[in-house]
Amino acid sequence: MNSKTENSNERIEFLEKYFLENFIPVEASEKDIIFMSTNEIYNSFYSLFPSDELNKEMLFSWLMKGGFKFIDMGKMQFEWMLHTK
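Criteria and thresholds
Residues numbered from 1 in each chain as written. Predicted model: local features only at pLDDT ≥ 70, side-chain atom pairs only at ≥ 80, totals over all residues. Heavy atoms only, no water. Phe/Tyr/Trp six-rings, centres within 6.5 Å; stacked < 30°, edge-to-face > 60°. Helix = DSSP H or I, 4+ residues; strand = E, 2+ residues; numbered from the N terminus. Pairing = 2+ DSSP bridges. Core = buried A, V, L, I, M, F, W, Y, C linked by side-chain atoms within 4.5 Å. Buried < 20%, exposed > 50% of the residue type's maximum accessible area, 1.4 Å probe, protein only. Contact = heavy atoms within 4.5 Å. Arc of directions from axis to C-beta. Salt bridge = Lys/Arg side-chain N within 4 Å of Asp/Glu carboxyl O.

Peer 1: Which residues make up the packing of aromatic side chains, and what values go with them?
Peer 2: In this structure the tally under the stated criterion is 14 aromatic pairs. Summarising the aromatic geometry, the rings of Y42 and Y46 are spaced 5.8 Å apart at their centres and angled 25 degrees between planes, so their arrangement reads as stacked. Taken together, the residues Y42 and Y46, both in helix α2 (residues 38-48) and four residues apart, mark about one turn of the helix. Through a chain of ring-to-ring contacts, three or more aromatic side chains come together here, namely F14, Y18, F19, F23, F45, F49, W62 and F68.

Have a look at this one:
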């Protein structure tokens, strides 16, 4: 593995760890829930940590792996339910 690939993998691991350490999954009945679409989460995250390696599919995978749930806000507008730690 070359150093560029290693740096890329380290950066992705850091981003995933950061995300899962700073956000927790919640149920719809809890208070102080943040509702965000995958695009909104991606754009917010990308503005903090610009990375060519980060993509929406990767973020979706982290959300699913982390046990996050999404809800239909109406008219097939799905948003994730998040809470910051």
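Peer 1: Before we move on, could you go through the pairing of strand β3 (residues 69-72) and cite the residues and values that matter?
Peer 2: Pairing of β3 with strand β4 (residues 78-84), which is carried by four bridges, proceeds in the antiparallel orientation. Looking at β4, one finds that K69 is bridged to M81.

Peer 1: How would you summarise the nonpolar core if you had to cite specific residues and measurements?
Peer 2: Where a protein is soluble and globular, its nonpolar side chains tend to be buried together. Within the largest apolar cluster, 15 residues are counted, with the highest numbers of intra-cluster contacts made by F19, I41, L59, W62, L63, F68 and L82. Elements that contribute at least two residues to this core include exactly α1 (3-22), α2, α3 (56-65) and β4. Filtering out sequence-adjacent residues up to four positions away, W62 remains in contact with I12, L15, E16, F19, L20, F45, L54 and F68.

Peer 1: Before we move on, could you go through the pairing of β4 and cite the residues and values that matter?
Peer 2: Of the pairings in the sheet, the one linking strand β1 (residues 23-25) to β4 comprises three bridges and is antiparallel in character. Opposite F23, over in β4, you have T84 as the bridge partner. Looking at chain direction, strand β2 (residues 34-36) and β4 are connected through three bridges and run antiparallel. Looking across to β4, one finds that M36 is bridged to W80. In sequence, β3 turns back onto β4 through a hairpin of five residues, with G74 there showing a positive phi of about 110 degrees.

Peer 1: Outline α2, supporting the account with residue identities and numerical values.
Peer 2: For α2, the set of buried residues is I41, Y42 and F45. Buried positions in α2, seen along its axis, are confined to an arc of 95 degrees and lie on one side of it.

Peer 1: Give me the lowdown on the pattern of salt bridges, citing residues and values where you can.
Peer 2: Taken as a whole and judged by the stated rule, the model has four salt bridges. A salt bridge links E21 to K17; its shortest N-O distance comes to 4.0 Å. Pair noted here: E21 and K17 are both in helix α1, with a separation of four residues, about one helical turn. Of the residues examined, E21 reaches a relative accessible area of 43% and is grouped as partly exposed. For K69, the salt bridge identified is with E27, shortest N-O distance 2.5 Å. Taken together, the residues span a long stretch of sequence, with K69 in strand β3 and E27 in the loop between β1 and β2 at a distance of 42 residues.

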